[in-house]
Amino acid sequence: GVAGTMVWVPPFYSIDVIKTRIQSAPHGTYNGMIDCILKSHASEGYKVFFRGMGIAQVRAFAVHGSIFWLYEKAMKGVEGIRFRAEGRMEIK
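Residues numbered from 1 in each chain as written. Predicted model: local features only at pLDDT ≥ 70, side-chain atom pairs only at ≥ 80, totals over all residues. Heavy atoms only, no water.

**A closer look at the overall build of the chain**
Across its full length, the chain carries three helices and two strands. Per-residue burial for the chain yields a buried fraction of 15% across its 92 residues. Excluding contacts between residues fewer than 6 apart, the proportion of contacts in the chain whose partners are at least 24 apart in sequence is 33%. Just so you have it, the chain exposes about 7600 Å², and 67% of that area is on carbon and sulfur atoms. (Helix = DSSP H or I, 4+ residues; strand = E, 2+ residues; numbered from the N terminus. Buried < 20%, exposed > 50% of the residue type's maximum accessible area, 1.4 Å probe, protein only. Contact = heavy atoms within 4.5 Å. Areas by Shrake-Rupley, 256 points an atom, 1.4 Å probe, with all protein chains shown as cover.)

In C-alpha cells, the structure reads:
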C-alpha cells in the first residue's frame, strides 16, 4: 500500500504539476516540459513538484475507499441472482 504509493506517486504527480503549470501559464512562458521543469525548480525549489499532494492523497483515499465499498455492496446484491440457461432471471 504505502510503499507502492511512495514509488509511483512522485513521478506521476510531478508530471501532472508540470502539465498544469504549462496549461495555466500565459503563452510563451515555457518552451516545453523541460523548460518548465528547469524554470520551476530554479524559482521555487524541488517542493514545487509536490505542492498539493497531501490533499490529493486524502481525496484519492476517500474516492478509492468509496469505490471498493460500493463494489462490495454491488457484489452482495447480485450474489442472490442466478441466470437460467434460457436467459430468465431467478432470485433466491
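**Observations concerning helix H2 (residues 33-44)**
Counted at 1.5 Å a residue, the expected span for H2 with its twelve residues is 16 Å, and the 16 Å between its end C-alpha atoms agrees. Buried within H2 we find Asp-35, Cys-36 and Ser-40. Projected down its long axis, H2 shows its buried positions confined to an angular sector of 120°, all on one face. When the buried face of H2 is taken as reference, the exposed residues oriented beyond 90 degrees from it are Ile-34, Leu-38 and Ala-42. (Expected span 1.5 Å × (residues − 1). Arc of directions from axis to C-beta.)

**Focus on the side chain of Ser-14**
For Ser-14, the location among the structural elements is in helix H1 (residues 2-24). A residue is classified by how much of its surface remains accessible, and Ser-14, at 14% relative accessible area, is buried.

**Quick look at the environment of Ser-14**
Considering only alpha carbons, one finds Ser-14 and Arg-51, 37 residues apart in sequence, at a separation of 9.0 Å. Beyond its immediate chain neighbours, meaning those up to four positions away, Ser-14 contacts Val-9, Phe-49 and Phe-50.

**Topic: the pattern of salt bridges**
Applying the stated criterion across every chain, the model contains four salt bridges. With its nearest N and O atoms 3.3 Å apart, the salt bridge here joins Lys-19 to Asp-16. Here Asp-16 and Lys-19 lie together in helix H1, a separation of three residues that amounts to about one turn. Judged by relative accessible area, which is 39%, Lys-19 ranks as partly exposed. (Salt bridge = Lys/Arg side-chain N within 4 Å of Asp/Glu carboxyl O.)

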